[in-house]
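Here is how the chains run, residue by residue.
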Amino acid sequence: MKPLRLRGHHLLCVHGFRGMGYSPSFVEKMWEIVARIRDEHDDFPIEVVAALDEACLACPHHGETTCEAGPNSEAHVRSLDGNVIRHLGLEPGNVYWKSELIRRTAERVKPDDLDELCRNCSWLPYGVCKEGIANVRRGNVAQT
């Protein structure tokens, strides 16, 4: 089974995703990914990366190999990836089971950690990400 390729910060985004996004195609792709993550009966491998992933490829801002939303976008998203990957104790390029990533998120990430992990993320002020992490910590992955 081919692993789902997800960048570090998307490992947290999927728990708070509520349908906001950069374009209809991005939102559609994120809903596909989120549905798989939230399906408690589907455990599958995820390759954790600090680079473009399957969600990024549906975003109108992706370039050949980098985020091109703005002049500092690539550095910004890579810093978010690094923050999350380090916080979860992961190695970029390694493959993990979805269940392990959810367990690590529940154990290691508190909603207020997002203030630092996701600093300057445009979606953070909406509060949905913190709600999603709180749900994961309560064991409600499917209800986020």
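See the structure above.
Residue indices follow the written sequence of each chain, beginning from 1 at its first position. Local features are withheld for residues below a pLDDT of 70 in this predicted model, meaning they are given only at 70 or higher, and side-chain atom pairs are given and counted only at 80 or more; totals for whole chains, interfaces and linings count all residues. With hydrogens and water stripped out, all remaining heavy atoms of the structure feed into the side-chain values.

1. What about the environment of Leu90?
Here's step 1: Structurally, Leu90 can be placed in the loop between helix 3 (73–88) and strand 3 (95–97).
Here's step 2: For the pair Leu90 and Arg108, spaced 18 residues apart in sequence, the C-alpha to C-alpha distance is 12 Å.
Here's step 3: Residue contacts are defined here by distance: any two heavy atoms, one from each residue, within 4.5 Å place the two residues in contact. Every residue in contact with Leu90, bar those within four places of it in the chain, is listed here: Leu11, Val48, Ile85, Tyr96, Leu101 and Arg104. Where helices and strands are cited, they refer to DSSP runs of H or I of at least four residues and of E of at least two residues respectively, numbered from the N terminus.

2. Quick notes on the side chain of His15
Here's step 1: Tracing the backbone shows His15 in helix 1 (residues 10–16).
Here's step 2: Residue classification places His15 among the buried positions, given a relative accessible area of 2%. Any residue under 20% of the maximum accessible area for its type is buried, any over 50% is exposed, and the rest in between are partly exposed; the area is computed with a 1.4 Å probe on protein chains only.

3. Overview of unusual backbone geometry
Here's step 1: One non-glycine residue, Asn120, lies in positive phi territory at about 70°.
Here's step 2: Topologically, Asn120 is positioned in the loop between helix 5 (114–117) and helix 6 (128–137).
Here's step 3: The class of Asn120 is exposed, set by a relative accessible area of 65%.

4. Notes on the layout of surface pockets
Here's step 1: Taken as a whole, the largest pocket spans an internal volume of roughly 510 Å³.
Here's step 2: Lining residues are defined by having an atom within 4 Å of a point belonging to a cavity or pocket. Those points lie on a 1 Å grid over the protein atoms alone, cavities being sets where a 1.4 Å probe fits but cannot get out and pockets being open sets with protein on both sides within 12 Å along at least five of seven lines. Around the largest pocket, the lining comprises 28 residues; the ones closest to its centre are His9, His10, Tyr22, Phe26 and Trp123.
Here's step 3: Among the elements of the structure, helix 1, helix 2 (24–38), helix 3 and helix 6 are those that each provide at least two residues to the lining of the largest pocket.
Here's step 4: If you tally residues by element for the lining of the largest pocket, the top one is helix 3, at four residues. Grid points are joined across faces, edges and corners, and a volume is the space filled by probe spheres set on the points.

5. Overview of the packing of helix 4 (residues 98–108) against helix 6
Here's step 1: Inter-axis angles, ranging from 0 to 180 degrees, are taken between N-to-C directions of lines fitted to C-alpha atoms, where helices are fitted over the stretch in contact. The geometry of helix 4 relative to helix 6 is characterised by a closest axis approach of 8 Å and an angle of 105° between their N-to-C directions. By the criterion of interaxial angle, the relationship of helix 4 to helix 6 is roughly perpendicular. Here Ile102, Thr105, Ala106 and Glu107 of helix 4 come into contact with helix 6, specifically with Ile133, Val136 and Arg137.
Here's step 2: Each residue is assigned to one class: nonpolar for Ala, Val, Leu, Ile, Met, Phe, Trp, Tyr, Cys and Pro, charged for Asp, Glu, Lys and Arg, and polar for all the others, Gly among them. Counted by class, the contact of helix 4 with helix 6 contains four nonpolar, one polar and two charged residues. Any angle from 65 to 115 degrees is called roughly perpendicular, while one under 35 is roughly parallel, one over 145 is roughly antiparallel, and all others are oblique.

6. Quick look at the environment of Gly93
Here's step 1: Assignment of secondary structure puts Gly93 in the loop between helix 3 and strand 3.
Here's step 2: The exposure class assigned to Gly93 is partly exposed, which follows from its relative accessible area of 41%.
Here's step 3: For the pair formed by Gly93 and Arg7, sequence separation is 86 residues and the distance between their alpha carbons is 9.6 Å.
Here's step 4: The contacts of Gly93, once residues within four sequence positions are left out, are Glu47, Val48 and Val49.

7. Here's the deal with the sheet that holds strand 3
Here's step 1: Should DSSP find at least two bridges between two strands, the strands are taken to pair. If you trace the three strands from one edge of the open sheet to the other, you get 1-2-3, paired in mixed fashion. The sheet terminates laterally at strand 1 (4–7) and strand 3, the two strands that pair on one side only. In this sheet, neighbouring strand axes are inclined to one another by 40° on average, regardless of whether the strands run parallel or antiparallel.
Here's step 2: Bridge count for strand 1 against strand 2 (residues 45–49) is four bridges, and the pairing is parallel. Within the sheet, the bridge partner assigned to Leu6 lies in strand 2 and is Val48.
Here's step 3: The strands that helix 4 touches are strand 2 and strand 3; relative to strand 3, the one it contacts most, it runs at about 80°.

In short, the description is geometric, and any link to function would need to be established separately.
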